[in-house]
Amino acid sequence: LALRQSLWNIKIEVSKVEQNPETASTEELYEKLNYFLKENLYFLFYKDCETVERFVEEVLRTNSKSDLVPILHRFGAYLETLFGQVNMRVLLANHPFEYPSQEV
């Protein structure tokens, strides 16, 4: 449950920064990514850990917000797929995800 919620939070944060790179806070995104790596990464399957770590590395070392947008777009697509895969785990069958209403 923690993994799924954390993936959702990261996905939302990545989308925010991707859509408004000049106004959105990259600091908040960096904070959430670092927290995910420390607290939730180990819940993923091994092959997914490596991919997530590479994406996070790329995001954290990119200084230009204009260079960050295409990386975030790819990362967001990956997170969407990963979120769907995690949602299909048998362990979560009796725990449907309640999508929070997104603030505009």
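Residues numbered from 1 in each chain as written. Predicted model: local features only at pLDDT ≥ 70, side-chain atom pairs only at ≥ 80, totals over all residues. Heavy atoms only, no water.

## Side note on the nonpolar core
When a protein is soluble and globular, its nonpolar side chains tend to lie buried together. Counting residues in each nonpolar core, the largest one holds 30 residues, and the members touching the most others are L7, F36, L44, V52, V59 and F75. For this core, the secondary-structure elements that each account for two or more residues are α1 (2-19), α2 (26-39), α3 (46-61) and α4 (65-87). Tallying contributions element by element places α4 first for this core, with nine residues. Those residues in contact with V52 that lie beyond four places of it in its chain are F36, L41, L44, Y78 and L82. (Core = buried A, V, L, I, M, F, W, Y, C linked by side-chain atoms within 4.5 Å. Buried < 20%, exposed > 50% of the residue type's maximum accessible area, 1.4 Å probe, protein only. Helix = DSSP H or I, 4+ residues; strand = E, 2+ residues; numbered from the N terminus. Contact = heavy atoms within 4.5 Å.)

## A short note on the packing of α1 against α2
A pair of packed helices is characterised by two quantities: the angle between their axes and the separation of those axes. Following both chains from N to C, one finds α1 and α2 inclined at 155°, their axes separated by 10 Å at the closest point. Taken together, the axis directions place α1 and α2 in an arrangement best described as roughly antiparallel. When you trace α1 past α2, the crossing you get is left-handed. Contacts from L3, S6, L7, N9, I10, E13, V14 and V17 of α1 reach α2 at T26, E28, L29, K32, L33 and F36. Looking at side-chain class alone, the contact of α1 with α2 contains eight nonpolar, three polar and three charged residues. (Axes fitted to C-alpha atoms, helices over the stretch in contact; angles between N-to-C directions. Parallel < 35°, antiparallel > 145°, perpendicular 65-115°, else oblique. Left-handed = near helix turned anticlockwise from the far one by under 90°. Nonpolar A, V, L, I, M, F, W, Y, C, P; charged D, E, K, R; others polar.)

## A few points about the packing of aromatic side chains
Scanning the entire structure with this criterion turns up six aromatic pairs. With a centroid separation of 5.5 Å and 50° between ring planes, the pair formed by W8 and F83 is classed as tilted. Separated by 75 residues along the polypeptide, W8 in helix α1 and F83 in helix α4 bring together distant segments of the chain. Neither W8 nor F83 differs from the other in exposure class; each is buried. For the ring pair F55 and Y78, a centre distance of 5.6 Å and an interplane angle of 35° mean the geometry is tilted. Taken together, the residues span a long stretch of sequence, with F55 in helix α3 and Y78 in helix α4 at a distance of 23 residues. (Phe/Tyr/Trp six-rings, centres within 6.5 Å; stacked < 30°, edge-to-face > 60°.)

Structural measurements only, silent on function.
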